[in-house]
Amino acid sequence: MNELKAEIQDKIASYIKLCKPDHVVICNGSREEYQGFLDQMEKAGTAKKLKNKGCYYFHSDPKDVARVESCTFICSKKKEDAGPTNNHEDPEVMKKRLMGLFSGCMQGRTMYVVPYLMGPEKNKMSKVGIEVTDSLYVCVNMYIMARMGTVALDRMKEGRVPVMGLHSVGMPLVDGAADVHWPCNQEKVIAHFPETKEIFSFGSGYGGNALLGKKCFALRIASTMAKEEGWLAEHMLIIGVTNPQGKKKYFAAAFPSACGKTNLAMLKPELPGWKVECVGDDIAWMKFGDDGRLYAINPENGFFGVAPGTSEKTNPYAMEIIAEDTLFTNVALNGDDVWWEGMSEEVPEGLINWKGEKHDKNGDSPASHPNARFTAPLSRCPNIDPNTYSERGVPIEGIIFGGRRASVAPLVIEAKDWTMGTYYGASLCSEKTAAAEGTAGELRHDPFAMLPFCGYNMADYFSHWLSMEKQGRKMPKIFSVNWFRKDKDGKFIWPGYLENMHVIAWMFASIEGTVDQVETPFGFLPKDIPVDVKNLKEILAIDEKEYALEQAKIKAYFKETFGDRCPKAFL
Ligand code: TSX
Ligand code: MN
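All of the points below concern the structure found in this document. (Residues numbered from 1 in each chain as written. Chains lettered and ligands numbered in written order. Predicted model: local features only at pLDDT ≥ 70, side-chain atom pairs only at ≥ 80, totals over all residues. Heavy atoms only, no water.)

This paragraph deals with the coordination of the manganese ion (ligand 2). Bound to the manganese ion (ligand 2) on the protein side are Lys215 (NZ), His235 (NE2) and Asp282 (OD), at distances that span 2.2 to 2.3 Å. Each donor residue of the manganese ion (ligand 2) lies on one chain, and together they are spaced K-x19-H-x46-D. You can see His235 sitting in the loop between β12 (232–234) and β13 (237–242) and its partner Asp282 sitting in the loop between β15 (275–280) and β16 (284–288), a full 47 residues away along the chain. Residue His235 is classed as buried on the basis of its relative accessible area of 9%. (Donors = N, O, S within 2.8 Å, 3.2 Å for Na, K, Ca; no water. Helix = DSSP H or I, 4+ residues; strand = E, 2+ residues; numbered from the N terminus. Buried < 20%, exposed > 50% of the residue type's maximum accessible area, 1.4 Å probe, protein only.)

Its location among the elements puts Thr314 in the loop between β18 (302–306) and α10 (316–321). Since its relative accessible area comes to 18%, Thr314 is described here as buried. Reaching out from Thr314, the side chain makes a polar contact with the backbone nitrogen of Ser311 at a distance of 2.9 Å. Beyond its immediate sequence surroundings of up to four residues, Thr314 is in contact with Asn263, Gly309 and Tyr497. (Polar contact = N/O pair within 3.5 Å; in protein donor to acceptor, adjacent residues only side chain to side chain. Contact = heavy atoms within 4.5 Å.)

To continue, consider the packing of helix α11 (residues 418–426) against helix α12 (residues 458–467). At a minimum axis distance of 9 Å, the contact between α11 and α12 shows a crossing angle of 150 degrees. Between α11 and α12, the crossing angle belongs to the class labelled roughly antiparallel. Where α11 crosses over α12, the two elements pack in a sense that is right-handed. Across the interface between the two elements, Trp418, Thr419, Thr422 and Ala426 of α11 pack against Phe462, Trp465 and Leu466 of α12. Classifying every residue of the contact of α11 with α12 gives five nonpolar, two polar and no charged. (Axes fitted to C-alpha atoms, helices over the stretch in contact; angles between N-to-C directions. Parallel < 35°, antiparallel > 145°, perpendicular 65-115°, else oblique. Left-handed = near helix turned anticlockwise from the far one by under 90°. Nonpolar A, V, L, I, M, F, W, Y, C, P; charged D, E, K, R; others polar.)

Moving on: the packing of aromatic side chains. Summed over all chains, the structure comprises 34 aromatic pairs. Ring geometry for Tyr423 against Phe558: centres 6.0 Å apart, planes inclined by 80 degrees, an arrangement best described as edge-to-face. Taken together, the residues span a long stretch of sequence, with Tyr423 in helix α11 and Phe558 in helix α15 (residues 544–562) at a distance of 135 residues. In this pair, the class of Tyr423 matches that of Phe558, namely buried. Each residue in the set Phe401, Trp418, Tyr423, Phe448, Tyr456, Tyr461, Phe462, Trp465, Tyr557, Phe558, Phe562 and Phe570 is aromatic and connected to the rest through ring pairs, giving one cluster. (Phe/Tyr/Trp six-rings, centres within 6.5 Å; stacked < 30°, edge-to-face > 60°.)

For the rest of this paragraph, the subject is the side chain of Asp61. Within the element layout of this structure, Asp61 appears in the loop between β3 (56–58) and β4 (72–74). Despite its burial, Asp61 pairs with no opposite charge, the nearest such side chain being Lys63 at 4.0 Å. Here the side chain of Asp61 touches Lys63 through a polar contact of 2.8 Å, landing on its backbone nitrogen. When residues no more than four places from it in sequence are discounted, the contact partners of Asp61 are His181, Trp182 and Cys184. (Lys, Arg positive; Asp, Glu negative; His and termini not counted. Salt bridge = Lys/Arg side-chain N within 4 Å of Asp/Glu carboxyl O.)

Moving on, we get to the pattern of salt bridges. Note on pairing: side chains with opposite charge can pair once their charged atoms come close. Enumeration over the complete set of coordinates arrives at 31 salt bridges. Put simply, Arg97 and Glu187 hold a salt bridge, and the shortest N to O gap is 3.0 Å. Taken together, the residues Arg97 in helix α4 (residues 91–102) and Glu187 in the loop between β9 (163–168) and β10 (189–193) connect sequence positions 90 residues apart. Between Lys214 and Asp282 there is a salt bridge whose closest N-O contact spans 3.0 Å. Pair noted here: Lys214 is in helix α8 (residues 213–229) and Asp282 is in the loop between β15 and β16, with a separation of 68 residues, a long-range link. Residue classification places Asp282 among the buried residues on the basis of a relative accessible area of 10%.

Right, let's talk about the environment of Gly403 for a bit. Following the sequence through the fold, Gly403 ends up in the loop between β23 (394–402) and β24 (412–414). Here Gly403 falls in the buried class, since its relative accessible area comes to 6%. On a C-alpha basis, the gap between Gly403 and Ser257 in space is 9.0 Å, while along the polypeptide they are 146 residues apart. Aside from chain neighbours lying at most four places away, what touches Gly403 is Pro256, Cys259, Leu428, Cys429, Ser430, Val481, Asn482, Trp483 and Phe484.

Moving on to the site of ligand 1. The environment of ligand 1 is made up of 15 residues, and the closest members are Gly260, Asn263, Gly496, Tyr497 and Asn500. For ligand 1, an oxygen atom lies 2.9 Å from a polar atom in the backbone of Tyr497. Asn500 is positioned with one of its side-chain polar atoms (N or O) 2.9 Å from an oxygen atom of ligand 1. Looking at the shell around ligand 1, its residues break down into ten nonpolar, four polar and one charged. (Near = heavy atom within 4 Å.)

Rendered as structure tokens:
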């Protein structure tokens, strides 16, 4: 730490003075340190060692189970710079509130200083951060999800400036008070300062609220950096696809939640001769190279995936990944093993649910929390792409936007140009499923699947995407897909899962220029996809009248939400 620039040391000293921890530990990111942290938590009873090698179980406070969007703020000087889709707070007002919350918040606890690198060690796009936290759970998860310790400190010594983040669970232990198994605070604040590139997170120990390298840095802060520096920070998976002739192309894809993004990232194709390899399942940083091609990296070093629904059938590679060296949070316990809804048809006897109680098989509540997670190293992925750690990144030739749509949206449609493709991204939406929240079938807009993750005005983000097209650049082709069309009886028409390979193969061939297409005003449709699916014709075509009507609704949403700041090309 002593080798670090004075400003960084001063900042950490100011965090110490504010939070008043009993001890301070600078993390080196070694395997031994990681194991030591796990042993410490096992001893304290906050982690349970599982049957499988290197696997541990954690469960949270029932009031701290997911990201808290209503407590997430973009603190830019001007409200318009946060835009209509973000919560905004004045930086001075928020700093004052934070000083109050963080004051003495680490008494009786240890402060861990976690230096980390987002992106492969040798890649120029990679960036450094420091997360200061009072949570060991955060430290072990950061060890898996980012490159932690010396590798990041070395970059900082070379002069790279870290994004600073201060995190506290918000439960000081005063007068020798005993700790609880999952400390947190009723009051939660996740505050981002895009102008000074700082993050403050208070009150939650869970996932995206607490692992600051992920959503806070790699999406919200990185998207503002990307705007300033002319690149893209996106909520996208990255896959490499090889055809039977041995030709390879990379795709990046954005889906709103509950569309099976992780399943697609780990696709195990059954189409003869085709290969899919995984670079990442959640975040892509992309930048045009000197050769005019768009290069992408996965800034993360692990998977923080939703466990329920993951099985040998839906995602065989994920099941292999989580067999060792994996941390589980809020899943059900099956003896010294884990279980979740969807893992097997049969519910095992004698489960302990995610709250730590005996599971009632005949009751209404699930054994695992619907947002239960696995944290596993990227390197455990059986189909990890060999270029995942490359110096250049991987060249993206196709960008995919997908939504969950029972009607209107076809299986796949290709944009005629970059502007139309950008419009596809901006129009991303899923249908509301629960009848409780508004009308089922009503559209829930989630532009670029970035609604909770864009660190600045979403309308400016649209303009930034449009501005990516320049002379001499080889623009990727852009596609929109929908695995979720239903027939008159409410049954899914497309089999999905492994069969999605047929759609990827069609997109691949389209980039090669070797498929027949049908031109419509809204993009190019496949003339045919060689696969035996009942009612296939119904999802390959669009009803132009119905489609035009929906476009009018989407444009009305743009106008109403973004007003004059919305790019004219979209209206
Ligand atoms: O992940 C999914 N994918 C992508 C896979 C690479 N899911 C799960 C979504 C929730 C996370 C899907 N669900 C997919 C899909 O392509 N398609 C569907 C809808 C569907 C569900 C079941 C069947 C068919 C389609 N089949 C039977 O029930 C037999
Ligand atoms: Mn995500």
